[in-house]
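Structural overview
Residues per chain are reported as follows:
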Amino acid sequence: MPPLLSLLVLTVSIAACSVEQTLPPPHCEQAGSGLIVAQSVPDAELVPCVGPLPAGWEIDGVRIDDGGTRLRFDSDRAGDDAAVLHFTRTCDRGDAVTVPSDRAGAERFESIERLVPGFRADRYYAFEGGCVRWRFDFDDGAPAGLSVELGSALVLLSRDDVNEILRETFIDEEL
């Protein structure tokens, strides 16, 4: 089956199932699984993708279903499943506080549970129709600064940008 047809078949079946570790991560420079990520939260103004990862980080799992997208990250310094990125329709920010946002079009909130012995915190980006939540749970001794390092790999694309990448990559359609 041609790759494009496979992707379209998978896209049509997204409401009926979830996919884990069979898709490549949603990298910003190509459409690939980014199309399915965009469809997992269809009303979101912004869609997350992953730019170059800092040294020592890798994506260990990708799960996409009709409730959103989840990416799990491992680190040689912060441990396995040290960070999980959730892309969903809404944010339950609990007691997170507002902090200046480093992403255009998104409000940012932080909730730090602990700094030592292992950093544990939540970071939220809320925007019209969607939310990106980082959950950091580092091994003992891993510095909290690794969350800033990894966070720099997150890119929030507008739907127009996603559509442009799609057009350039393989089709002339809009989401």
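Everything quoted here is computed from the prediction, not taken from an experiment.

Within the chain one finds four helices and 10 strands. In the chain, which comprises 175 residues, the proportion classed as buried is 47%. Here the contacts in the chain between residues at least 6 apart in sequence split such that 53% fall between residues at least 24 apart.

Before going further, it helps to examine empty space enclosed by the protein. Enumeration over the complete set of coordinates arrives at two cavities of 30 Å³ or more. Roughly 40 Å³ of internal volume is contained in the second largest cavity. If you go around the second largest cavity, the residues you meet are C49, V50, L53, F73, L85, W134, A153 and L154. Considered class by class, the residues forming the lining of the second largest cavity number eight nonpolar, no polar and no charged.

Taken together, the three bridges between strand β6 (residues 97-99) and strand β7 (residues 107-114) define a ladder with antiparallel strand orientation. In the sheet register, V97 faces β7, and the bridge partner there is E110. For β7 and strand β8 (residues 120-127), the ladder comprises seven bridges, and the chain directions are antiparallel. Paired with S111 across the strands is D122, a residue of β8. Where β7 hands over to β8, the hairpin turn is made up of five residues, counted between the paired strands.

This part covers the nonpolar core. In this structure, W57, F73, F127, V132, W134, F138 and L156 are the most contacted members of the largest nonpolar core, which totals 41 residues. With five residues, the next largest nonpolar core counts A96, F109, A126 and C131 among its residues.

Below, the discussion takes up the confidence of the model for the chain. Here the chain averages 85 in pLDDT, while 81% of its residues score no lower than 70. Predicted confidence for residues 1-17 stays below pLDDT 50, and this span has 21 contacts to residues more than four positions away or in other chains.

Its location among the elements puts A96 in the loop between β5 (79-88) and β6. Among the residues examined, A96 registers a relative accessible area of 15% and is labelled buried. Sequence separation between A96 and Y124 is 28 residues, and the spatial gap between their C-alpha atoms is 8.3 Å. Each residue touching A96, except ones within four places of it in the same chain, is listed here: F109, E110, S111 and Y124.

The rules behind the values
Residues numbered from 1 in each chain as written. Predicted model: local features only at pLDDT ≥ 70, side-chain atom pairs only at ≥ 80, totals over all residues. Heavy atoms only, no water. Helix = DSSP H or I, 4+ residues; strand = E, 2+ residues; numbered from the N terminus. Buried < 20%, exposed > 50% of the residue type's maximum accessible area, 1.4 Å probe, protein only. Contact = heavy atoms within 4.5 Å. 1 Å grid on protein atoms, 1.4 Å probe; cavity = no way out; pocket = protein on both sides within 12 Å on 5 of 7 lines; lining within 4 Å. Points joined across faces, edges and corners; volume = space filled by probe spheres on them. Nonpolar A, V, L, I, M, F, W, Y, C, P; charged D, E, K, R; others polar. Pairing = 2+ DSSP bridges. Core = buried A, V, L, I, M, F, W, Y, C linked by side-chain atoms within 4.5 Å. pLDDT = per-residue confidence, 0-100.

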